[in-house]
Amino acid sequence: MSRQNLIRFSLLACLISMQANTVVAEELKATLRRPVALLAGRGDTLIVANQRSGSLSIVDLKTRRVVDEHFVAASIADAAALPVGTTVVVLDDQENSVKQVTLSPGRAQVTTLMKLKGQPTKLAVDIENRRLLFTQKWQHTVRALQFNRDWQQVLAVQDVELSFAPRDILLLPNLKQLVVAAAFGGRLGLLDAASLKIISQREIDGHNIRGLAVAPDGKRFHVTHQQFVPDTLADYEELHWGRMMSNAIQTFDIGDLTKPGSNLLTGFLDEYGGIGGAMADPSGVVTGPDRLSAVAFAGVGEVAVRQRGTDRRIRVQAGPDAMLAQGTSLYVANRFADSISEIDLSQGKVTNTISLGPTPAMNAVDRGEKLFFDARLSHDGWLSCHSCHTDGHSAGLLVDTLGDGDYGAPKRIPSLLGTRDTAPWGWTGKSTSLEQQIRKSVTTTMHGDPLSQQQVDDLVAYLKSLKSPPARNSASTSAKQGQQVFQRNRCSSCHSGKTFTSDGVYDVGLSDERDRRSFNPPSLLGVSHRPQLFHDARAKSLRAVINQFQHQLKRPLSEQDSKALLAYLKSL
């Protein structure tokens with residue numbers, strides 16, 4: 001179901017403007033930056049948007065040094081250039097706002113254009129129609145801001161709600177349409193760029209979509225993603241021979257999204273890496289002249305470059321993601337190295353590595369985050385923790401691991417958001433500590449070498465730092481009535497306390513392929529962000545849990561009670 005809301009108003013009186021704290025090259029602070037976007041600056045400069053530090057680094061490409069760093073936000077999710085002067089728009093995913101930054105040498109003026117109810121995720125700029133478009137994954141929405149002629153005033157706001165949590169967004173200028181990709185699973189949405197009317201929402205055979213780009217011919221578009229092979233055991237042989245996971249770029253005809261009968265499961269799939277040298281977690285993708293296509297592989301610190309029929313595999317630094325092609329150079333933002341790799345496309349190698357500034361010693365949480373996204377923990381670099389638990393959440397897939405102690409009963413990948421207070425771990429509750437669960441996952445699912453104690457401690461610290469996702473809906477009268485339905489039907493017998501779970505295992509009336517019927521209840525915090533439920537994902541929605549499966553209910557609920565309970569669950 002989609003919802004579209006158009007509001008026209010002037011925000012001029014609501015604008016908040018201030019001068020950013022600017023630091024010159026000689027005074028750069030020791031801080032973690034985590035670059036997430038690269039923009040072409042004026043002249044020979046590169047603008048780097050840094051998520052963790054909330055700063056914009058200005059790089060002089062002649063000297064290959066940061067000349068200014070402007071602290072413009074609490075945290076930057078994404079950034080894009082506007083077609084007026086040197087103006088950048090940033091999404092602040094900590095303060096939940098949209099900000100406009102006007103840059104000049106040694107100075108940055110920051111204007112808060114809009115405060116948001118939820119976190120913004122990724123953005124695109126429609127220059128022709130003076131519109132800024134961005135996703136909000138936890139709200140399942142795409143929002144458009146309509147600007148006046150000089151891009152200084154927001155004239156209108158427009159929202160549309162999708163059936164999935166969106167992340168990446170791509171403008172197809174020739175068709176005046178938008179492609180929106182799921183943050184976790186394999187959904188693609190096609191929207192009319194002007195009206196935000198949903199044209200289609202389709203499924204591809206993949207997950208962890210992390211890059212979208214229009215092909216040079218303008219008739220096709222590329223999608224980077226991972227792909228689990230269905231009905232495959234997560235054992236060593238299947239992983240080693242590439243029969244469990246593939247890391248790929250897939251190409252679709254743009255028209256296929258608009259045709260109801262077209263098969264999006266058969267788009268051209270170009271797999272990267274292989275036996276002895278896999279390339280996990282494909283992320284950013286760029287295209288350019290001379291049939292250039294470049295894909296960053298964040299899990300292994302490499303970039304695959306294809307141009308004029310020649311393929312090159314180039315090592316950069318940790319966590320490559322955002323890229324920018326300019327002339328014969330390709331710039332790559334290394335998220336976990338706080339650096340920019342400059343690749344000379346004519347030579348096919350890194351010619352310069354640009355530091356974004358000094359970095360402090362990392363704490364356990366920061367080290368654990370880096371390990372979580374590092375596929376080198378797995379055999380041959382086929383997958384990272386993030387490959388299954390996307391950004392700490394879940395790819396939503398069924399995987400047949402040794403989590404239960406044997407193969408033959410695939411289980412839904414659980415979310416790790418809010419996991420610190422949900423002991424025990426695993427669907428059958430066999431892991432009594434996060435340390436035990438981590439060691440087991442790395443050695444029996446990822447088939448990597450045993451972790452050191454510090455690596456385990458760091459991963460535990462990172463997982464304990466992950467918060468539960470926000471509720472889809474706020475508390476309402478219906479939700480309060482649903483809470484009474486929840487308590488009256490003794491749902492709290494299993495889903496209790498502040499985390500809405502418990503440390504026992506219970507016969508849930510549903511058996512797996514090994515005839516197990518007792519499982520540990522997952523937390524219900526953020527349950528509305530799980531597109532499939534139960535251990536085997538047989539329920540395709542919360543509504544199905546209540547109405548179709550009547551889970552643990554002694555009798556069917558009335559329509560009123562069913563709606564109230566659904567509202568309550570969505571408010572958790």
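Residues numbered from 1 in each chain as written. Predicted model: local features only at pLDDT ≥ 70, side-chain atom pairs only at ≥ 80, totals over all residues. Heavy atoms only, no water.

### Examining the sheet that holds strand 25 (residues 282-288)
Within a beta sheet, neighbouring strands are joined by backbone hydrogen bonds and run either parallel or antiparallel to one another.
Then comes step 1: Spatially, 4 strands are ordered 25-26-27-28 in an open sheet, and the strand pairing comes out antiparallel. For this open sheet the edge positions go to strand 25 and strand 28 (310-315), each flanked by a neighbour on one side alone. Shown here is a sheet whose adjacent strand axes are inclined to one another by a mean of 15 degrees, direction ignored.
Then comes step 2: Two strands pair when backbone bridges link them, and strand 26 (residues 292-297) and strand 27 (residues 302-307) are joined in this way by 5 bridges, in the antiparallel orientation. Among the inter-strand pairings, Phe297 is bridged to a residue of strand 27, identified as Glu302. (Pairing = 2+ DSSP bridges. Helix = DSSP H or I, 4+ residues; strand = E, 2+ residues; numbered from the N terminus. Axes fitted to C-alpha atoms, helices over the stretch in contact; angles between N-to-C directions.)

### Describing the confidence of the model for the chain
Then comes step 1: When pLDDT is averaged across the chain, the result is 91; 96% of the residues are at 70 or more.
Then comes step 2: Ignoring residues within four places in sequence, the model shows residues 1-13, a span with pLDDT below 50, making 35 contacts including any to other chains. (pLDDT = per-residue confidence, 0-100. Contact = heavy atoms within 4.5 Å.)

### Here we look at the sheet that holds strand 22 (residues 245-253)
Then comes step 1: The antiparallel open sheet is built from 5 strands, whose spatial order is 20-21-22-23-24. This sheet does not close on itself; its edge strands, each paired only once, are strand 20 (207-214) and strand 24 (277-278).
Then comes step 2: Sheet analysis places strand 21 (residues 220-228) next to strand 22, joined by 9 bridges and oriented antiparallel. Within strand 22, the position partnered with Phe221 by the bridge is Phe252.

### Quick notes on the packing of helix 4 (residues 434-444) against helix 5 (residues 453-465)
Then comes step 1: Packing of helix 4 against helix 5 leaves a shortest axis separation of 10 Å and a crossing angle of 115 degrees. Of the possible angle classes, the one that applies to helix 4 and helix 5 is roughly perpendicular. Every pair of crossing elements has a handedness; the one defined by helix 4 and helix 5 is right-handed. Seen from helix 4, the contacting residues are Leu434, Glu435, Ile438 and Arg439; seen from helix 5, they are Gln453, Val456, Leu459, Val460, Leu463 and Lys464. (Parallel < 35°, antiparallel > 145°, perpendicular 65-115°, else oblique. Left-handed = near helix turned anticlockwise from the far one by under 90°.)

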